[in-house]
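# Overview (structure and organization)
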Amino acid sequence: MALVVGAAAFVGCTDEGSDPAPRSTWTFDGYPVLEPWTLAMRGSDDEAATVVVLGDSVSEGYGFQRNLERRWVDRLERALRARAGVDDCEPVSQGFHGTGSVVPARYHAPSMPDPATSGRATPQPAAGPGGRALDLAPGASVTWRIDATSVDIGYRTRPGGGPLRVTIDGEIPLKGVAIPTDSDGEEAGERTVWESGDLGPGPHTIRVRNSSTILSGAPATVTDITPFDGDRGRCVHVLDASRSGMTADYITRTPSYLADALSLDPDLLVVPLGFNDARSGSSPAAFGRTLDRLIEQARAEGYEGPVLLVGWFEPRWGSSIPDWSEYIAAMSQRTERHGGVSMLDLSAVLPPVRGAPQGLYMDSLHPSASAQPRIARSLLEALAPRGEFVPDRGD
């Protein structure tokens, strides 16, 4: 049974201005299910408490060009940090165009700010968090301009993979001379992380180059970069492993996609999917079965933490697609079929696209910048209820 919370007031995050708090009836099943996440958040002074968002364009940030800190994933991270009240985990915006989340080698949403590339760099949709990796031909490179004191660089091992060379502000760090990606053993095909040392404060230019010779022809796969500012291994992190156009069906048919998202070591896996499954012809019943497979595959990969399914607002689409409420119901049914699975229904908090206040949505599917605070506040109250945490720092 879902817990029904009437007239719930979702109060603001740390920087959300005067946007009124939404008030509505919403259904949420499973505060006890999320207890492992609550415990992780309480311990974020000593160890990282990590949310991984396995979503689509609504989560990746379709429509954003800069100022990525305005996305709901980044707003949620800042709000969770503020509510946790942990020292030296200040909710600030920095990193890559304002985001401190994991940054892919290439965003899939066309509006997003991609890092610079040179040489032949080919998209690799089955690798990296969100399937947004790049295969670099010999001599090719990817470059990020990031405000951080240290970074993690993600890459994929592969048979015959070429070596990578990292330069930071034009200099080659001692352990960045040659990072091997060649592997024929059990680790072949896994996402691996190279950790930088202390870079010092301020912006830095991080370049990763396939240093193979043209004659060897050995490719190398770069997946992502994650910026840190004194918060490595501690504080709350909300990591974007989303991709525009993504379906739950694709994830279940692409084991490496899910594996690379789970390599971010989540304490909570958030799954806000369904729009693209519905648009691609998946019935509500078929979508439910796909979610069953996704949950089972995550468990088979060794993920034991809670899974939070998120049902979005009602989109505007043609009569040939079943009503969105049927997909919401399919999500809710998963909480009865699987242990450790909860569901948050935001369709009662966020108004339907049809008839919504002007400016709340960009089109029939995508929330605008003005809708992002509502999303973040609603998730904040699910993941860090005020009764569980002492309000701090004006959250």
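Residues numbered from 1 in each chain as written. Predicted model: local features only at pLDDT ≥ 70, side-chain atom pairs only at ≥ 80, totals over all residues. Heavy atoms only, no water.

### Some points on the side chain of Ser101
Within the secondary structure, Ser101 is located in the loop between helix H3 (72–84) and strand S4 (103–104). Polar contacts involving the side chain of Ser101 include one to the main-chain amide nitrogen of Asp240, which spans 2.9 Å. (Helix = DSSP H or I, 4+ residues; strand = E, 2+ residues; numbered from the N terminus. Polar contact = N/O pair within 3.5 Å; in protein donor to acceptor, adjacent residues only side chain to side chain.)

### Details of the packing of aromatic side chains
Between two aromatic rings, the relevant description is the distance of the centres plus the angle of the planes. Enumeration according to the criterion identifies 10 aromatic pairs in this entry. With a centroid separation of 5.7 Å and 25° between ring planes, the pair formed by Trp324 and Tyr327 is classed as stacked. Remark: Tyr327 and Trp324 occur in helix H8 (residues 324–337); sequence separation between them is 3 residues, near one turn of the helix. Take Trp324 and Tyr327: they sit in the same class, and that class is buried. Cluster of aromatic residues (ring-pair linked, three or more members): Trp72, Phe275, Phe287, Trp312, Phe313, Trp317, Trp324, Tyr327 and Tyr361. (Phe/Tyr/Trp six-rings, centres within 6.5 Å; stacked < 30°, edge-to-face > 60°. Buried < 20%, exposed > 50% of the residue type's maximum accessible area, 1.4 Å probe, protein only.)

### Details of the environment of Pro284
Relative to the elements of secondary structure, Pro284 occurs in helix H7 (residues 284–300). A relative accessible area of 12% means that Pro284 is categorised as buried. C-alpha separation for the pair Pro284 and Tyr62, spaced 222 residues apart in sequence, amounts to 25 Å. With residues near it in sequence (within four places) discarded, Pro284 still touches Pro322, Glu326, Tyr327 and Ala330. (Contact = heavy atoms within 4.5 Å.)

### What to know about the nonpolar core
Grouped together as the largest cluster of nonpolar side chains are 74 residues, with contacts concentrated most on Trp37, Trp72, Leu80, Leu269, Leu308 and Trp312. Leaving out residues up to four positions away in the same chain, Trp312 has contacts with Asp56, Val58, Ser59, Trp72, Pro272, Phe275, Trp324, Ile328, Leu346, Ser347, Leu350 and Ile375. Within the second largest apolar cluster, 29 residues are counted, among which are Phe64, Ala105, Ala140 and Ala220. (Core = buried A, V, L, I, M, F, W, Y, C linked by side-chain atoms within 4.5 Å.)

### So, the pattern of salt bridges
Summed over the entire model, instances satisfying the criterion amount to 17 salt bridges. Measuring nitrogen to oxygen at the nearest pair gives 3.3 Å for the salt bridge that ties Arg158 to Asp135. With Arg158 in the loop between strand S9 (150–156) and strand S10 (164–168) and Asp135 in strand S7 (residues 133–136), the pair connects residues that are 23 residues apart, well separated along the chain. Judged by its relative accessible area of 15%, Asp135 falls in the buried class. A salt bridge links Arg191 to Asp224; its shortest N-O distance comes to 2.9 Å. One end of the pair, Arg191, is in strand S11 (residues 191–195); the other, Asp224, is in strand S13 (residues 220–228), and 33 residues separate them in sequence. (Salt bridge = Lys/Arg side-chain N within 4 Å of Asp/Glu carboxyl O.)

### What to know about H8
Relative to the 20 Å expected for 14 residues at 1.5 Å per residue, H8 spans 21 Å between its end C-alpha atoms, a close match to the ideal helical length. Burial in H8 covers these residues: Trp324, Tyr327, Ile328, Ala330, Met331, Arg334 and Thr335. Looking straight down H8, one finds its buried side chains confined to an arc of 155°; they lie on one side. Exposed residues on H8 whose side chains face more than 90 degrees from its buried face are Glu336 and Arg337. (Expected span 1.5 Å × (residues − 1). Arc of directions from axis to C-beta.)

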